[in-house]
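Okay, here's what each chain looks like letter by letter:
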Amino acid sequence: MSANNPFSFAVNMQREMLDATVDAAQKNTVASEQAEKIEEVDVGQTPSEVVYTENKLELLHYESMTEEQHEVPILIVYALINKPFILDLQPDRSVVRRLLEAGHDVYLIDWNEPSTLDKHLKLDDYVNRYIDNCVDVVRERSGQDSINILGYCMGGTMTAMYTALHQEKVRTLGLMAAGLCFDNTGGVLEEWGDDEYYDPEDVVDAYGNMPAEMLDVGFALMDPIANYVSKYVRLYDNLENDDFVENFARMERWLDEGIDLAGDTYVQFLEDIYQQNKLHNNELYVGGEHIDVTSIEVPILQIMGEYDHLIPADSSKPFNDVVGSDDVETIEYPTGHIGLAVSGSSHRDVWPRVAEWYIEKSTDDPEHLAEVEEAVETATDQIGIEEIDVEIDDEAVADDVSDEEIEERGEADIQEEPAEPGEMNVDEEIVDDVVDEGDEQEPDVEDEAEAIEEAVAEEASEEMVEEDVDPAETEGSDLEELDGVGPTYADRLREGGIASLADLADADPETVAEAAQVGESRAADWIEQAQN
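Just so you know, these numbers come straight off a predicted model, no measurement behind them. (Residues numbered from 1 in each chain as written. Predicted model: local features only at pLDDT ≥ 70, side-chain atom pairs only at ≥ 80, totals over all residues. Heavy atoms only, no water.)

Checked against the element boundaries, E54 lands in strand β1 (residues 48-54). A distance of 3.0 Å separates polar atoms of two side chains, one belonging to E54 and the other to N133. Contact partners of E54, with chain neighbours within four places excluded, come to R129, Y130 and N133. (Helix = DSSP H or I, 4+ residues; strand = E, 2+ residues; numbered from the N terminus. Polar contact = N/O pair within 3.5 Å; in protein donor to acceptor, adjacent residues only side chain to side chain. Contact = heavy atoms within 4.5 Å.)

Shown next as structure tokens:
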């Protein structure tokens, strides 16, 4: 029919109306069925068990999906808003499953919803109590001194704080869409939360906790057309597509099931993190303790969405320049805040890389040999030895160390000079015996270091008896037996004149806190442990 035909417009309009009517009739026939699917859709299907609870918190441990698992587990710390099943939305879009499939042992903190009684919970409670207790549970269950951590969104912000305070318990730190720097970084929330326009105290005074409904509306208004119009048009257009409807339903369930945020934590987070940017400026204090981000030296991985309008990449990347770690990697992927967790391309391109990064950074590889040497050096320093360099045979660490690297390390250099008072000679056979055992057993290098330390300590004990060395000179190593006292804190205590558990038991919290550079509450806990 010609375009100039005067009847063409009317005929085309009639045809389009007829097609629309038929389409609507067809969609109406499936609408009720799809509505049932939307109501009954499943989320968080990966099998797990609750292994620890505290207040509303539940610590989930997921069932293994591989015959063997990596020794160092991963603890996922989710945000305090919404529910964590966005990380286990459906089998083919589950961050939890991607990690399990790679052989990781996975734990996750489900915060659940705070009650009115929880409105006075602060960041100190979440960081130094809840997260720390969960980390200790995972450490105990896995038999590891330190574990891997993955923090998402606000959970990433809190795990950065946690790592600064409890670095001895953290092997690696993954930060996923984490809000770490808010200094004109382009986020709409940063503008809306500016102290010129907004006082979070007003909300808490009115409601006690920050209502989830207010947070949800605020997030939706950041892109009102997409959140209130476009997605429903797409649903209508795809109403006969079962997969699309189920995916839509899962996302809507997550968006609708928001949880309130503890009032005092909300105020502290908005004022200190958003409005004053204290974390990035290294000015943040939590529970009276300085969150010194420059002290963080563990390997860090930043995972960011290029199109993230909630936490723009520029709210995360500047953190890489202020931390003390020289082992920082960045993955910036073309997706949004939620897309990092649920988009098909993220699960194809991002999460296999993340899973491999944790394996590389937390298992015994050539880079980890330096840690072994440091552990031996620390042990020998504590018993009065000036220096001991240990040769680690290539067979003892299987194929992890190349011949070139071994050659660069040189031969074992053991003290053979006569010992000065308070020192000792270390028989080269001690090290040889331990290393030679690895020719058949191929032990983990940490086990090897531990065996060397034990042998050196045994030799030291015998030497002290022979040389009448004052045992007081060897005091101090027992400080690290205390819960929460790692090598760094132990060194600080010794430098402050607290060289043993007896010294610690007799000290006052103020003195201990000043020496170790911690809060008095933690110092009091150490003193109580020493006294018992």
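That was the structure; now back to the text.
This brings us to the packing of helix α4 (residues 154-165) against helix α10 (residues 263-275). Where α4 meets α10, the closest approach of the two axes is 13 Å, and the angle between their N-to-C directions is 75 degrees. Taken together, the axes of α4 and α10 lie roughly perpendicular to each other. Contacts between α4 and α10 pair M154, T157 and M161 from the former with T265, F269 and I273 from the latter. Looking at side-chain class alone, the contact of α4 with α10 contains four nonpolar, two polar and no charged residues. (Axes fitted to C-alpha atoms, helices over the stretch in contact; angles between N-to-C directions. Parallel < 35°, antiparallel > 145°, perpendicular 65-115°, else oblique. Nonpolar A, V, L, I, M, F, W, Y, C, P; charged D, E, K, R; others polar.)

Here the chain shows a mean pLDDT of 76. Residues at 70 or above account for 67%. Here helix α15 (residues 403-409) stands out as the least confident element of the chain, with mean pLDDT 37; strand β3 (residues 74-77) is the most confident, with 98. Here residues 365-443 is modelled with pLDDT under 50, and outside its nearest four sequence neighbours on either side it reaches 111 contacts, counting other chains as well. Residue range residues 460-476 is modelled with pLDDT below 50. Its contacts to residues more than four positions away, or to other chains, number 15 contacts. (pLDDT = per-residue confidence, 0-100.)

Judged by side-chain polarity, I225, V229 and V233 come together as a nonpolar surface patch covering roughly 250 Å² of accessible area. As for its placement among the helices and strands, V229 is situated in helix α8 (residues 224-237). With relative accessibility at 42%, the residue V229 sits in the partly exposed group. (Patch = residues over 30% accessible without salt bridge, like charges linked within 9 Å, V, L, I, M, F, W, Y side chains within 5 Å. Areas by Shrake-Rupley, 256 points an atom, 1.4 Å probe, with all protein chains shown as cover. Salt bridge = Lys/Arg side-chain N within 4 Å of Asp/Glu carboxyl O. Buried < 20%, exposed > 50% of the residue type's maximum accessible area, 1.4 Å probe, protein only.)

Relative orientation of the contacting elements helix α20 (residues 509-516) and helix α21 (residues 520-531) amounts to 110 degrees, with a least axis distance of 8 Å. Compared by their axis directions, α20 and α21 come out roughly perpendicular. Between α20 and α21 the crossing geometry is right-handed. Along the contact surface, α20 presents P509, E510, V512, A513 and A516, while α21 presents E520, A523, A524, W526 and I527. The residue makeup of the contact of α20 with α21, split by class, is eight nonpolar, no polar and two charged. (Left-handed = near helix turned anticlockwise from the far one by under 90°.)

Right, let's talk about the pairing of β3 for a bit. Residues I74 and I76 line one face of β3 and the alternating positions L75 and V77 line the opposite face, and both faces are buried. Sheet topology note: the β3/strand β4 (residues 106-110) ladder contains four bridges and is parallel. If you follow I74 over to β4, its bridge partner there is V106. Tracing the backbone out of β3, into helix α2 (residues 95-101) and back to the parallel element β4 gives a crossover that is right-handed. Pairing analysis gives four bridges linking β3 to strand β5 (residues 147-152), with the strands arranged parallel. Directly across from L75, in β5, lies its bridge partner I149. (Pairing = 2+ DSSP bridges. Right-handed = clockwise from strand over helix to strand, strands pointing away.)

Under the 1.5 Å per step criterion, the end-to-end length of helix α13 (residues 351-362) is 17 Å for 12 residues, consistent within 8% with the ideal 16 Å. Residues of α13 that are buried: W351, V354, A355, W357, Y358, I359, K361 and S362. (Expected span 1.5 Å × (residues − 1).)

Aromatic rings considered in pairs are described by the distance between their centres and by the relative angle of their planes. Within the structure shown, the criterion is met by seven aromatic pairs. Pairing W357 with Y358 gives two aromatic rings, centres 5.0 Å apart and planes at 75 degrees, and the pair type is edge-to-face. As far as burial versus exposure is concerned, W357 and Y358 are alike and both buried. The rings of W111, Y126 and Y130 are connected pair by pair, giving a single aromatic cluster. (Phe/Tyr/Trp six-rings, centres within 6.5 Å; stacked < 30°, edge-to-face > 60°.)

Another point: the sheet that holds β5. The sheet built from eight strands is open, its strands ordered β1-β2-β4-β3-β5-β6-β9-β10 with mixed pairing. The open sheet has two edge strands with one neighbour each: β1 and β10 (328-333). The mean inter-strand angle of the sheet, taken between neighbouring strand axes irrespective of direction, is 20 degrees. One ladder, built from four bridges, connects strand β2 (residues 57-62) with β4; its direction is antiparallel. Counted as the bridge partner of L59 is I109 from β4. Lying over the sheet, helix α3 (residues 123-142) contacts β1, β2, β3, β4 and β5, oriented at roughly 130 degrees with respect to β1.

Our focus in this paragraph is the pattern of salt bridges. Scanning all chains against the criterion turns up 15 salt bridges. Two residues, E257 and K83, come together in a salt bridge whose shortest N-O distance is 3.5 Å. With E257 in the loop between α9 (242-256) and α10 and K83 in the loop between β3 and α2, the pair connects residues that are 174 residues apart, well separated along the chain. Residue K83 is classed as partly exposed on the basis of its relative accessible area, which comes to 32%. Its salt-bridge partner being K361, residue E329 comes within 3.7 Å of it at the nearest N-O pair.

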